[in-house]
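In case you want the letters, here they are:
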Amino acid sequence: MSFVEIEIASQPECWRRAAELAGSHAAVLPAAGERVAVVGCGTSYYMAQAYASLREESGQGETDAFAASQFPNRRRYDRVVALTRSGTTTEVLELLARLRGTTPTVAITADPGTPVMTTADAVVVLDFADERSVVQTRFATTLLTLLRAHLGLHTDAVVHDAETALAEPLPEGLVDRDQFTFLGSGWTAGLANEAALKMKEASLSWTEAYAAMEYRHGPISIAGETTATWMFGPAPEGLREQLLATGARWVESDLDPLADLVRVQRLAVARAAARGLDPDSPRHLTRSVVLADA
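Note that the structure is a prediction, hence the values are computed from the model and not measured.

Asks: Quick rundown of the layout of surface pockets? Include the residues and the values.
Replies: Each pocket or cavity is described by its volume, and for the largest pocket that value is around 410 Å³. If you list the elements that add at least two residues to the lining of the largest pocket, you get helix H3 (43–57) and helix H8 (188–203). Element by element, the count of residues in the lining of the largest pocket is highest for H8, at three residues. The residue makeup of the lining of the largest pocket, split by class, is seven nonpolar, ten polar and five charged.

Shown next, in the form of structure tokens:
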């Protein structure tokens, strides 16, 4: 088995541990009513999008998500949350250094032996969810579980759904599709972005991601008999029928959307295997982007 397959399979236990830890980190995670920005790069940015939407939708405070390199320096926040598996990503470290002494910061990382430990004001370490694969799976979903639990939005049912996502066979015929589109609404739009990224990284697949209501505004024109559209969470009324009329494959699930993301991770690995690719070592990618001139 590849490292990423082992890491995907370990997610239910990682989520249990993260949910149990949420209470012990409550003092450094955003409090209700705070104005918060969440930053990250790549997968961490998409988890930031999901968390920001969840937090704001639940009425716990205005929450924005940014790629670390795009943080609006003139805005003021009560707290900035930085998501970084490696703890070494240049854009994240530079932003945390700029904010020091002006805005409280907390980083969530997997590696306690990295510069983020002294660059952020506070750090939450999820070392049990660290990964050997370049492709992120369990760390991203585990940190989002921690944050969902902190918001009071996590239940044991989510873990059970993840176990189901690991045990049930993938829908037939998906591995052979030429193109994949992932859709979400609210917090699941971030999951759709992450699903598209995972398929690109691990299997070099042609993928796109959109807010579900935007799909009709042009992107649906690509749908056809060789494509698949995957919906995270409930679909807008009539969209499934409109998509099926194109001849494309429609995929949806009653599982919690985070557990449904596990199914996409499995699909990415299966498609990589079918194409003779190593999902642990995607081309042109490294575990962390560290800029030499930074």
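Asks: How would you sum up the sheet that holds strand S8 (residues 227–231)? Please name residues and give values.
Replies: Overall, parallel pairing links the four strands, which are arranged S7-S6-S8-S9 in an open sheet. The two strands at the open ends of the sheet, each matched to only one other strand, are strand S7 (206–211) and strand S9 (249–251). On average, adjacent strands in this sheet sit at an angle of 20° to one another, irrespective of strand direction. Both strand S6 (residues 179–184) and S7 contribute to a ladder of six bridges, which runs parallel. From the neighbouring strand, Gln179 faces S7, where its bridge partner is Trp206. Against the sheet, H8 makes contact with S6 and S7, and its axis sits at roughly 160° relative to S6, the strand it touches most. Against the sheet, helix H10 (residues 257–274) makes contact with S6, S8 and S9, and its axis sits at roughly 155° relative to S8, the strand it touches most.

Asks: Kindly report on unusual backbone geometry, identifying the contributing residues and their values.
Replies: For Leu204, which is not glycine, the phi dihedral falls at a positive 55°. Relative to the assigned elements, Leu204 resides in the loop between H8 and S7. In this structure Leu204 comes out as partly exposed when scored by relative accessible area, which is 33%.

Asks: Which residues make up the packing of H8 against H10, and what values do they have?
Replies: Running from N to C, H8 and H10 point in directions that differ by 15°, and their axes come no closer than 8 Å. The orientation of H8 with respect to H10, classified from their angle, is roughly parallel. Where H8 crosses over H10, the handedness of that crossing is right-handed. Residues Thr188, Leu191, Glu194, Ala195, Lys198, Met199, Ala202 and Ser203 of H8 pack against Pro257, Leu258, Leu261, Val264, Gln265, Leu267, Ala268, Arg271 and Ala272 of H10. The residue inventory of the contact of H8 with H10, partitioned by class, reads eleven nonpolar, three polar and three charged.

Asks: So what's going on with the packing of aromatic side chains? Which residues, and what values?
Replies: With the rule as written, the count across this model stands at eight aromatic pairs. When the ring of Tyr45 is compared with that of Tyr46, the centres are 5.5 Å apart and the planes differ by 35°; the resulting orientation is tilted. Here Phe182 and Phe232 contribute two aromatic rings whose centre-to-centre distance is 6.4 Å and whose plane-to-plane angle is 35°, an arrangement assigned as tilted. Within this pair, whereas Phe182 is found in strand S6, its partner Phe232 is found in the loop between S8 and helix H9 (239–244), the two being separated by 50 residues in sequence. Ring pairs connect the aromatic residues Phe66, Phe71 and Tyr77, which therefore count as one cluster. If you follow Arg17 out to its NZ or CZ, it ends over the ring of Phe128, 4.2 Å from the centre. Here Arg35 stacks its cationic end above the ring of Tyr77, 4.6 Å away from the centre of that ring.

Asks: Talk me through empty space enclosed by the protein; I want residue IDs and the actual numbers.
Replies: Over the atoms a probe the size of a water molecule is rolled, and this reveals where empty space is left. If you walk through the whole model with that rule in mind, you get one cavity of 30 Å³ or more. Size it by volume and the largest cavity reaches roughly 30 Å³. Surrounding the largest cavity, Val4, Ile8, Val135, Thr137, Lys198, Ala202, Gln265, Ala268 and Val269 form its lining. Put simply, the parts of the chain that give the lining of the largest cavity at least two residues each are helix H1 (3–9), H8 and H10. Sort the elements by how many residues they give to the lining of the largest cavity and H10 lands first, with three residues.

Asks: Would you mind going over the pattern of salt bridges in detail, with residue names and values included?
Replies: Scanning the model with the defined rule gives eleven salt bridges in all. Between Arg75 and Asp64 there is a salt bridge; the shortest N-O distance is 3.5 Å. You can see Arg75 sitting in the loop between strand S2 (63–67) and strand S3 (79–83) and its partner Asp64 sitting in strand S2, a full eleven residues away along the chain. Residue Arg75 is classed as partly exposed on the basis of its relative accessible area, which comes to 40%. Between Asp260 and Arg263 there is a salt bridge, with its nearest N and O atoms 2.8 Å apart. Taken together, the residues span about one helical turn, with Asp260 and Arg263 both in helix H10 at a distance of three residues. On the accessibility criterion, Arg263 (9% relative accessible area) is buried. If you follow the salt bridges from partner to partner, you end up with Glu13, Arg16 and Glu163 in one network.

Definitions and cut-offs
- Counting restarts for each chain: residues are numbered from 1 in the order of the written sequence.
- Per-residue local features are limited, in this predicted model, to residues with pLDDT of at least 70; the limit for side-chain atom pairs, both in listing and counting, is 80 or more; totals at the level of whole chains, interfaces and linings are taken over all residues.
- For the side-chain quantities, the full set of heavy atoms in the structure was used; hydrogens and water were omitted.
- Only protein atoms enter the 1 Å grid used here, on which a cavity is any set of points holding a 1.4 Å probe that cannot leave and a pocket is any open set flanked by protein within 12 Å on both sides along at least five of seven lines; residues with an atom within 4 Å of a point are listed as lining.
- Grid points are joined across faces, edges and corners, and a volume is the space filled by probe spheres set on the points.
- Each helix is a run of H or I in the DSSP string that is no shorter than four residues. Each strand is a run of E no shorter than two, and both are numbered from the N terminus.
- When residues are grouped by polarity, Ala, Val, Leu, Ile, Met, Phe, Trp, Tyr, Cys and Pro land in nonpolar, Asp, Glu, Lys and Arg in charged, and all others, Gly among them, in polar.
- Any two strands with at least two DSSP bridges between them are considered paired.
- What counts as an axis is a line fitted to C-alpha atoms, over the stretch in contact for a helix, and the angles between N-to-C directions run from 0 to 180 degrees.
- Any two residues whose heavy atoms approach within 4.5 Å are treated as being in contact.
- Partly exposed describes any residue whose relative accessible area lies between the buried limit of under 20% and the exposed limit of over 50%, with all areas from a 1.4 Å probe on protein chains only and scaled to the type maximum.
- If an angle is under 35 degrees, it is roughly parallel; if it is over 145, roughly antiparallel; if it lies from 65 to 115, roughly perpendicular; otherwise it is oblique.
- For any pair of crossing helices, the crossing counts as left-handed if the nearer helix is rotated counterclockwise from the farther one by less than a right angle, and right-handed if it is rotated clockwise.
- In this scheme Phe, Tyr and Trp rings, the latter by its six-membered ring, pair at centre separations within 6.5 Å, and the angle between planes marks the pair as stacked below 30 degrees, edge-to-face above 60, and tilted otherwise.
- In this scheme, the term charge over a ring applies when either NZ of a lysine or CZ of an arginine sits within 6 Å of the ring centre and within 35 degrees of the ring normal.
- By salt bridge we mean one thing: a side-chain nitrogen of Lys or Arg within 4 Å of a carboxyl oxygen of Asp or Glu.

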